[in-house]
Amino acid sequence: DSENNNVVNEASYKRAQMIKEKYGIELVQEPLDNMPTILLKNQLLSGTCEYDAILDGVVHYAEFALGNTLLDLKKLTSLDLSHEWWDQAAVRDMTVKDHLFYLMGDFITADKGATWVCFFNKDLYEDYAFEKSIYEYVDEGTWTIDQLHTMAKTVGSANNISDATPLTEGTFGLLTQTYDGVATTLSFGQRMIDKDADDLPYIAMDSEAHKNGFVKMFGLLRDGSCAGIAEVKGGEEGRTQAYTAFSEGRGLFQYAAISRVQDMANYGIDFTYGIAPMPKLDTTQDNYYSTVTVYNSFALAIPATLPESRYELVAYALEAMGYYGKTELRPAYYEQTLKLQKLQDENDSRMLDVIFNNRIFDL
């Protein structure tokens, strides 16, 4: 709501001013907390919520969608969800029988930052003189979990990593956390909940493909000779310890949200790092897939209390936010901030394109 020296905030401010000047629509934000749905719970349940829209992590919306307290966005007939500024993967994956309650797209950036990727320490990678660069493996379609596991074991073995090695000591092949079990499974294109031909959800885990994927994932994350699981090794402090270990150059690989680039910039790391998509299950997999963590993958929802008389206005405002988000906000975040300020290697920029072009969401 004001100008400053941050290019993303500048773009957001410019968008708000354009919408106000061109259409007479003023965007008023009221920061509540990092979990507004929890604070608004009683209002949502009692039907007294007066907001036109709310933003929160998707996981917090689920119970409200089931409780008829959120508006089915398909009821906003003036909202055209086929437009390119709406996240088409999110629309595809989170629609159930032509009902949709959560919206992602170019009108915000918080949904991008929660995207899961594989960070790697380029200096450490070069020290071990692996046969090819990570980028070559990705381009060939041979960047698989087996390939990563082999490299991680090489580093772990050289540094005598074992189940007894704390995260505060030693150099690990992979620094990980329990959520990576979910993120890794989804990177194989294997949703826990999938949809049938009628667009209805079903439990998809009871298949040979899922079992094989689980065995691969579990075998890597629980391999104490190279991997360190944050919560197992450090308890409540584990995630901080794992992030610190990688920032100190004591990890070849780390799975994390793309927003980690800002954390590492703040930490002032003294090595070069790169970004790759999450590895495939095997070379027969069609694409590299990345998911977003449901806990802070922000999406928009509309309270069911929105009067029908405001449907068209709100839909129009959202379309304007989406359109100018595409022209102003997305370039500021994606091209100017991520690619130019945080990532110096054009190969990493290419990897971002691969990652963002193949996101999936699991109901």
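Okay, so let's go over this structure. Owing to the predicted nature of the structure, the values given are computational and were not obtained by experimental measurement.

Examining the pattern of salt bridges
Any two side chains of opposite charge can pair if their charged atoms end up close together.
Consideration 1: Counted by the stated rule, this structure contains 21 salt bridges.
Consideration 2: D52 is the partner of R310 in a salt bridge, and the nearest nitrogen-oxygen pair spans 2.8 Å. Of the two residues, R310 sits in the loop between β9 (298–301) and α15 (311–342) while D52 sits in the loop between α3 (41–46) and β1 (54–57), which places them 258 residues apart along the sequence.
Consideration 3: Put simply, D87, D106, D111, K112, R330 and R359 are held in one network by salt bridges that share partners.

Quick look at the pairing of strand β2 (residues 116–121)
Consideration 1: Taken across its six residues, β2 has six buried, putting it largely inside the fold.
Consideration 2: Both β2 and strand β8 (residues 273–276) contribute to a ladder of four bridges, which runs antiparallel. Looking at the pairing, F120 lines up with G274 of β8.

Notes on the packing of helix α13 (residues 238–247) against helix α14 (residues 260–267)
Consideration 1: Interaxial distance between α13 and α14 falls to 11 Å at its minimum, and their mutual angle equals 65°. For the element pair α13 and α14, the recorded crossing hand is right-handed. Facing α13, whose interface residues are Y243, T244, F246 and S247, α14 presents R260, M264 and Y267.

A look at the packing of helix α9 (residues 145–158) against helix α11 (residues 208–221)
Consideration 1: At a closest axis distance of 11 Å, the pairing of α9 and α11 adopts a crossing angle of 15°. In terms of axis orientation, α9 runs roughly parallel to α11. Relative to α11, α9 is oriented so that their crossing is left-handed. Contact residues: α9 offers I145, D146, L148 and H149, while α11 offers K216, M217, G219 and L220.
Consideration 2: Its residues assigned to classes, the contact of α9 with α11 comprises four nonpolar, two polar and two charged.

Some words on the side chain of H60
Consideration 1: Tracing the sequence through the fold places H60 in helix α4 (residues 58–66).
Consideration 2: Each residue touching H60, except ones within four places of it in the same chain, is listed here: M35, T37, I38 and Y295.

Description of helix α16 (residues 346–356)
Consideration 1: Of the positions making up α16, those classed as buried are D348, S349, M351, L352, I355 and F356. Along the axis of α16, the buried residues cluster in a sector spanning 155°; they form a single face.

Brief notes about the packing of aromatic side chains
Consideration 1: Using the criterion set out here, one finds 16 aromatic pairs in the structure.
Consideration 2: Pairing Y23 with Y316 gives two aromatic rings, centres 5.6 Å apart and planes at 80°, and the pair type is edge-to-face. Linking Y23 in helix α1 (residues 7–23) with Y316 in helix α15, this pair joins segments that are 293 residues apart in sequence.
Consideration 3: Using a relative accessible area of 34% as the deciding quantity, one classes Y23 as partly exposed.
Consideration 4: Y316 gets classed as partly exposed once you look at its relative accessible area, which sits at 46%.
Consideration 5: Consider the rings of W85 and Y323, whose centres lie 5.5 Å apart with planes at 85°: the pair is edge-to-face. Linking W85 in the loop between α4 and α5 (88–94) with Y323 in helix α15, this pair joins segments that are 238 residues apart in sequence.
Consideration 6: Judged by relative accessible area, which is 11%, W85 ranks as buried.
Consideration 7: For the cation-ring pair, K280 lies above Y288, with the distance from its terminal atom to the ring centre recorded as 4.6 Å.
Consideration 8: Across from the ring centre of Y334, 4.9 Å away, lies the NZ or CZ of R330, which sits over that ring.

Criteria and thresholds
- Residues numbered from 1 in each chain as written.
- Predicted model: local features only at pLDDT ≥ 70, side-chain atom pairs only at ≥ 80, totals over all residues.
- Heavy atoms only, no water.
- Salt bridge = Lys/Arg side-chain N within 4 Å of Asp/Glu carboxyl O.
- Helix = DSSP H or I, 4+ residues; strand = E, 2+ residues; numbered from the N terminus.
- Buried < 20%, exposed > 50% of the residue type's maximum accessible area, 1.4 Å probe, protein only.
- Pairing = 2+ DSSP bridges.
- Axes fitted to C-alpha atoms, helices over the stretch in contact; angles between N-to-C directions.
- Left-handed = near helix turned anticlockwise from the far one by under 90°.
- Contact = heavy atoms within 4.5 Å.
- Parallel < 35°, antiparallel > 145°, perpendicular 65-115°, else oblique.
- Nonpolar A, V, L, I, M, F, W, Y, C, P; charged D, E, K, R; others polar.
- Arc of directions from axis to C-beta.
- Phe/Tyr/Trp six-rings, centres within 6.5 Å; stacked < 30°, edge-to-face > 60°.
- Lys NZ or Arg CZ within 6 Å of the ring centre and 35° of its normal.

Function cannot be read off these values alone, since they describe shape.
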